[in-house]
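Chain by chain, the residues run as shown.
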Protein chains: 4
Amino acid sequence: MIKVGIIGATGYTGAELVRLLSLHPRVELVALTSRTYGGEKIAEVYPALSGYSELICENLPPEELLERAEVVFIALPHGHAAPLAARALERGVKVIDLGADLRFREVKTYESWYKVKHGAPELAASAVYGLPELNREAIRRAKVVANPGCYPTSAILGLAPLLKGGYVDPASIIIDAKSGVSGAGREAKLTSLFVECNESLNPYGVATHRHTPEIEQELSRLAATEVKVTFTPHLLPISRGILSTIYATLVRPLTEAELRQLYLDFYAGEPFVQLLPPGKWPRTRWVYGSNNCQLNLALDERTGRVIVASVIDNLTKGASGQAVQNLNLMCGFPETTALAMPGICP
Amino acid sequence: MIKVGIIGATGYTGAELVRLLSLHPRVELVALTSRTYGGEKIAEVYPALSGYSELICENLPPEELLERAEVVFIALPHGHAAPLAARALERGVKVIDLGADLRFREVKTYESWYKVKHGAPELAASAVYGLPELNREAIRRAKVVANPGCYPTSAILGLAPLLKGGYVDPASIIIDAKSGVSGAGREAKLTSLFVECNESLNPYGVATHRHTPEIEQELSRLAATEVKVTFTPHLLPISRGILSTIYATLVRPLTEAELRQLYLDFYAGEPFVQLLPPGKWPRTRWVYGSNNCQLNLALDERTGRVIVASVIDNLTKGASGQAVQNLNLMCGFPETTALAMPGICP
Amino acid sequence: MIKVGIIGATGYTGAELVRLLSLHPRVELVALTSRTYGGEKIAEVYPALSGYSELICENLPPEELLERAEVVFIALPHGHAAPLAARALERGVKVIDLGADLRFREVKTYESWYKVKHGAPELAASAVYGLPELNREAIRRAKVVANPGCYPTSAILGLAPLLKGGYVDPASIIIDAKSGVSGAGREAKLTSLFVECNESLNPYGVATHRHTPEIEQELSRLAATEVKVTFTPHLLPISRGILSTIYATLVRPLTEAELRQLYLDFYAGEPFVQLLPPGKWPRTRWVYGSNNCQLNLALDERTGRVIVASVIDNLTKGASGQAVQNLNLMCGFPETTALAMPGICP
Amino acid sequence: MIKVGIIGATGYTGAELVRLLSLHPRVELVALTSRTYGGEKIAEVYPALSGYSELICENLPPEELLERAEVVFIALPHGHAAPLAARALERGVKVIDLGADLRFREVKTYESWYKVKHGAPELAASAVYGLPELNREAIRRAKVVANPGCYPTSAILGLAPLLKGGYVDPASIIIDAKSGVSGAGREAKLTSLFVECNESLNPYGVATHRHTPEIEQELSRLAATEVKVTFTPHLLPISRGILSTIYATLVRPLTEAELRQLYLDFYAGEPFVQLLPPGKWPRTRWVYGSNNCQLNLALDERTGRVIVASVIDNLTKGASGQAVQNLNLMCGFPETTALAMPGICP
């Protein structure tokens with residue numbers, strides 16, 4: 001049993017961590033911090049957990065957790081995690097940060113898109129970007145893992161086979177992504193109200209969303225050349241789920257069958273990535289509550305474009321599930337522990 | 001490992017059985033029958049199962065399953081299960097029927113509400129009504145279990161402590177129940193279309209719904225007197241979940257605290273029933289995808305009525321989860337095997 | 001053309017007033033007040049109004065409106081309207097208050113349920129309860145109209161024919177009501193977030209909701225005897241719409257056909273109340289965006305209870321539409337002006 | 001008063017026509033045909049219309065309507081309208097066809113995408129494509145109007161200013177469109193069930209949808225050069241509404257302000273098209289139930305692409321509202337009659 005703490009346990013990603021870790025046979029959850037709900041049982045904040053957790057949230061300085069836990073998940077707004085990770089590293093506590101602080105190799109990229117000073121620039125190069133399908137071995141050895149953003153997870157998994165092989169024009173990529181409202185977090189704000197979201201769809205952050213440079217960093221690394229993308233997120237009236245519809249222009253002639261084979265080869269043996277049969281287009285609800293990423297693609301022969309659809313649950317593979325997957329790798333547990341579950345469907 | 005088959009595997013309750021049994025370490029799923037999808041992989045019918053089941057649906061005469069399986073789940077429309085259960089019993093195959101055929105002790109009650117002839121009247125008295133919280137020991141010994149209806153599960157669990165103790169007037173009970181659309185099954189019919197259900201709520205089957213006599217049978221047994229209820233189901237624009245709001249008039253003065261204690265005592269040690277803290281009213285989403293039943297109550301002192309709210313997931317505790325719970329009891333497995341999971345929330 | 005102002009125009013009921021009045025040929029909307037959006041066009045706060053209103057919200061002391069308008073709608077939280085109404089009365093400005101301040105004839109009923117001091121006790125007796133189906137003539141003559149609450153509108157219209165004739169036991173009434181989330185207003189609070197409401201249903205304010213005494217006041221007046229009800233509101237995952245399911249025990253034998261005739265007679269000639277054909281149970285979406293109230297009923301012969309279902313759009317007939325109906329009556333316009341529209345369906 | 005008939009009145013677009021025409025002061029609706037609901041009142045098929053229409057659906061040969069009406073709307077599946085339109089033309093009855101039969105100037109384009117023989121090839125050239133913002137004068141003079149498809153309406157209005165002026169590369173256009181489920185019609189099919197659509201989003205018809213050549217035909221005409229687009233529709237869990245997110249690469253440098261001015265100029269005076277203020281991205285709910293099209297755009301300077309978002313209500317501006325707008329033009333009524341209403345929002 002490994003001792004695990006969660007810093008910022010009462011947001012949606014924190015609660016999803018508690019849910020998944022309650023199913024984990026090798027983890028002892030030793031502490032949950034919350035500034036808002038200190039003194040309350042997590043099962044009162046999230047009654048879905050009634051009968052599954054007796055833990056009481058604590059309004060603790062995050063540093064105190066470093067004395068109780070061997071691994072900490074950080075689920076705080078950006079800007080708070082980097083200094084904490086540095087402290088943890090000194091004490092030999094492993095860190096999985098669900099925020100953006102440690103995702104960028106270039107400090108200035110982070111600073112220019114997030115408009116804050118980087119809190120631990122010395123970690124920028126050494127933190128591992130926690131997408132197991134691309135970085136599995138590095139994650140196993142990592143002390144600090146930067147858990148990917150939800151949109152980037154879905155976009156990068158959708159594009160990796162194409163860019164790795166240099167099959168598409170790196171200037172042609174457009175990612176039209178749609179996310180459920182849980183992606184906006186548990187903050188009481190007007191734009192997240194039921195009545196404002198229900199029966200509606202809208203783009204936001206057009207041409208300016210902070211997940212753009214994260215996607216570009218990882219795609220550029222895969223392509224070994226600079227990739228710039230147009231990325232448009234949309235707010236979708238569902239609780240959980242992201243669908244990214246991705247467009248890229250082929251630079252050499254490939255059939256749809258060859259494209260499918262590329263994906264099958266690239267993701268062979270991956271426990272959480274599935275290419276669906278031809279014509280079965282992924283639906284967000286097929287991955288609801290699961291750590292799966294489901295993909296499909298088509299070749300638009302009239303225009304020479306490949307169209308890829310990629311779905312994940314933004315709170316699971318897009319955040320807390322992937323974080324547990326990273327924990328499993330970092331601790332030498334079987335990678336699918338607490339995660340080997342199909343989506344809740346219907 | 002026990003060999004298990006599902007007859008009628010491609011409806012919503014069938015798919016939910018496959019999902020749950022894919023998590024069950026003591027079950028080998030050996031056959032899935034389907035009249036519509038024979039020859040197709042269940043994971044093509046329900047792509048959420050991709051990577052979790054390789055089974056192919058078979059268009060088999062149900063009887064053939066009796067040669068392959070030690071336990072069969074029957075998820076067919078009413079009228080088909082009773083003769084099959086009789087056959088299974090002869091062959092020593094255990095049966096859990098998710099339909100209504102075997103729920104009634106009085107053949108004539110079944111026949112008058114369901115408008116069909118009973119297919120195995122000799123089983124009416126011996127089949128066990130599979131509500132573990134009331135009939136646990138009988139289920140352990142049962143060969144044939146009649147899995148309760150979804151509405152009855154939520155209503156009976158909500159009322160049992162009051163009726164068992166004789167605390168309420170048996171003529172005063174009103175059950176105003178609301179169910180998600182999955183309760184209507186996976187049939188392509190106008191009234192189940194998205195556009196017909198979305199942004200809408202309506203009662204149906206008012207004063208005539210077939211779950212009425214099932215609720216009355218079990219409540220009458222608990223109360224040891226005849227109970228007649230007014231039961232009004234409603235169609236709710238959600239996929240999964242039932243909330244029953246229940247009204248009953250006290251026959252002797254009790255405080256709200258005493259009422260709470262009644263429930264705590266009645267359900268002490270139950271793994272799947274939770275009385276929430278005072279003032280936390282159950283929400284359907286708190287049990288989403290789980291086998292839990294969450295309850296709360298209030299005393300309306302102005303009118304002398306108790307008001308109880310009871311939520312379940314209609315496909316899990318209201319159908320397939322409870323069926324797996326019954327399987328566990330019948331086979332001597334720990335009762336919570338494959339079911340010990342909190343609701344997916346948020 | 002009559003000059004009209006709205007005090008508190010940027011909440012949901014305010015916006016619905018603007019929408020409806022933009023269709024009104026006899027109304028000139030002269031001022032909209034808002035504390036939050038002063039200086040912004042209402043069409044920027046609610047872009048649905050783009051092209052239909054050029055009005056700019058003003059952060060004005062409400063009193064100033066009394067100099068510009070002949071009629072004012074007050075859409076403020078309770079406690080603010082009563083003194084304003086008193087002031088308006090002095091100046092000869094007509095008032096339609098969408099809040100609770102002036103709905104109660106007994107000052108102490110208001111004060112004990114709303115926990116505030118009544119702001120104009122002298123108006124309690126003279127303000128007219130603005131339910132046109134019951135009080136049409138008084139509304140025509142009124143200077144101050146207290147627009148009914150949303151739940152009371154649906155409940156009272158559902159019960160009026162039964163109570164007027166003394167057909168049911170006044171101690172037997174249970175109202176199980178379900179409302180869309182717009183009923184909670186446009187406040188940024190946790191319980192109104194999309195993710196907290198979606199795929200969920202829950203009761204709230206059980207045995208304590210403030211609409212209880214309002215319902216009882218009007219039903220008691222109709223029955224000419226004291227009526228006490230059990231009233232349970234629920235939060236429903238839709239934007240607009242209320243369904244009240246109502247239970248009452250008959251005190252003399254009536255057939256369902258006789259009951260239907262009662263309703264047909266009671267509502268004969270009413271432009272906004274429809275009894276649906278037998279077996280067609282009202283759906284909230286059938287009145288979406290309209291001022292209609294649709295009803296149906298059944299007799300549960302087994303228990304002697306009548307079950308009535310009543311639907312309205314909580315923002316229209318349950319608030320702003322009814323307010324415009326009252327305006328029409330008070331100003332001598334045809335009663336259906338700007339309101340004669342079917343629900344948006346599908 | 002003009003006599004109007006609807007052929008195929010009980011589908012969703014038919015019902016929307018009845019709703020809108022019930023508000024039209026110059027139209028007498030004389031006949032509704034339905035093969036399924038002959039003999040039933042339209043207000044029983046769509047109870048939202050209770051009190052607003054007493055018309056009874058008739059199971060008539062469509063030809064009979066030509067004797068009763070001066071204008072007919074045809075809301076039938078493709079393949080049925082063309083011969084009917086030819087017949088109507090002979091008799092001097094004006095036709096507005098909501099299907100695809102008469103939208104294509106090239107018979108072979110229609111036949112190759114729709115896989116049927118064209119039913120009236122002689123009309124292909126003379127029928128007018130009923131998008132008033134582009135073809136207003138031709139519509140005024142037309143005898144037969146082909147009402148545009150829902151996706152094409154939103155896509156073409158979103159792109160017209162860019163293509164008209166030759167500002168974008170005609171090979172660069174990608175349209176990622178999302179539609180509510182009412183777009184799939186009122187047919188009882190599995191993929192339109194509530195449970196299959198709810199909490200989900202998926203692409204469909206990728207690279208093969210029949211609205212592609214319709215969009216290309218109109219854009220090519222505007223651009224005066226061949227335009228080929230990649231068009232990806234998605235099924236969105238809402239009842240009404242389409243959002244098209246559109247990508248195109250600029251061929252000459254323009255600022256965002258210049259782009260906005262292009263749109264303002266192009267749509268100056270248009271009653272139903274609104275460019276929202278900078279940064280206000282259109283939401284489907286802002287046009288709910290209305291005939292409006294709301295637009296906004298951004299320039300992605302990093303990639304040289306313009307991103308346009310365009311929303312309509314698929315049943316109103318995307319079908320029946322636009323059809324009424326065409327009726328108004330063809331009959332010389334004010335263009336906005338029965339249509340000058342903001343979206344129902346909240």
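The model shown is predicted, which means the values in this text are computed figures rather than measured ones.

Scoring rules and cut-offs
Counting of residues starts from 1 at the beginning of each chain's written sequence and follows it residue by residue. Starting at A for chains and at 1 for ligands, labels are handed out in the order in which the entities are written. Totals for whole chains, interfaces and linings use every residue, but because this is a predicted model, local features are given only for residues with pLDDT of at least 70 and side-chain atom pairs only at 80 or more, for both listing and counting. With hydrogens and water stripped out, all remaining heavy atoms of the structure feed into the side-chain values. Numbering goes from the N terminus for both helices and strands, where a helix is a DSSP run of H or I of at least four residues and a strand is a run of E of at least two. Relative accessibility decides the category of a residue: with a 1.4 Å probe and only protein chains considered, values under 20% of the type maximum give buried, values over 50% give exposed, and everything between is partly exposed. Superposition of the copies was done by least squares, using only C-alpha atoms of residues whose pLDDT is at least 70 in both. At least two bridges found by DSSP between two strands are what make those strands a pair. Between rings of Phe, Tyr and Trp, where Trp is taken as its six-membered ring, a pair exists when centres lie within 6.5 Å; planes separated by under 30 degrees are stacked, by over 60 edge-to-face, and by other angles tilted. Domain limits in this description derive from either an automatic procedure or a database domain assignment. Whether two residues are in contact is decided by their heavy atoms, any of which lying within 4.5 Å being enough. Two parts placed together each lose some accessible area under a 1.4 Å probe, and adding up what both lose gives the buried area.

Q: Which parts of the structure should I look at to understand unusual backbone geometry?
A: Residue Pro346 of chain B is reached from Cys345 of chain B by a cis peptide bond, and omega for that bond is 5 degrees. Within the secondary structure layout, Pro346 of chain B lies in the segment after helix H11 (316–331). Of note, the phi angle at Lys115 of chain A is positive, near 60 degrees, even though the residue is not glycine. With respect to the element layout, Lys115 of chain A can be found in the loop between helix H5 (107–114) and strand E5 (128–129). Unusually for a residue other than glycine, Ala338 of chain A sits at a positive phi of about 70 degrees. Inspection of the secondary structure puts Ala338 of chain A in the segment after helix H11 (316–331). Taking the relative accessible area as the measure of exposure, Ala338 of chain A reaches 14% and is therefore buried.

Q: Please clarify how the relation of the copies chain C and chain B should be interpreted in this entry.
A: Each of the two chain copies can be brought onto the other by rotation about an axis and movement along it. Superposition of chain C onto chain B requires a rotation of 180 degrees combined with a translation of 0.0 Å along the rotation axis, giving an RMSD of 0.0 Å. Put plainly, the chains are arranged around a two-fold axis.

Q: Please explain the sheet that holds strand E11 (residues 273–275) of chain C as it appears in this structure.
A: Within a sheet, each strand pairs with its neighbour through backbone hydrogen bonds, oriented either parallel or antiparallel. Strand order across the open sheet formed by seven strands is E8-E9-E7-E10-E13-E12-E11 (chain C), with mixed pairing between neighbours. Looking at which strands have only one partner, the edges of the open sheet turn out to be strand E8 (202–203) and E11 of chain C.

Q: So what exactly am I meant to see when it comes to the packing of aromatic side chains here?
A: The description of an aromatic ring pair rests on the distance of the ring centres and on the angle between the ring planes. Scanning all chains against the criterion turns up 24 aromatic pairs over all chains. Here Phe104 of chain A and Tyr110 of chain A contribute two aromatic rings whose centre-to-centre distance is 6.2 Å and whose plane-to-plane angle is 45 degrees, an arrangement assigned as tilted. Phe104 of chain A gets classed as buried once you look at its relative accessible area, which sits at 1%. Residue class for Tyr110 of chain A comes out buried when judged on its relative accessible area of 0%. Summarising the aromatic geometry, the rings of Phe266 of chain D and Tyr267 of chain D are spaced 4.9 Å apart at their centres and angled 75 degrees between planes, so their arrangement reads as edge-to-face. Of the residues examined, Tyr267 of chain D reaches a relative accessible area of 7% and is grouped as buried.

Q: Any chance you could explain the domain arrangement of chain A here in plain terms?
A: Many analyses report the size of an interface as the accessible area lost when the parts associate. Residue and element names in this part refer to chain A. On domain assignment, one finds that chain A holds domain 1 (2–126) and domain 2 (151–315). With centres defined by C-alpha atoms, the gap from domain 1 to domain 2 works out at 26 Å. At the interface, 16 residues of domain 1 touch 15 residues of domain 2. In total, about 1,500 Å² of surface goes out of reach between domain 1 and domain 2, with carbon and sulfur atoms giving 53% of it. The three residues of domain 1 that bury the most area against domain 2 are Tyr12, Arg103 and Trp113, which together make up 43% of that side's buried surface.

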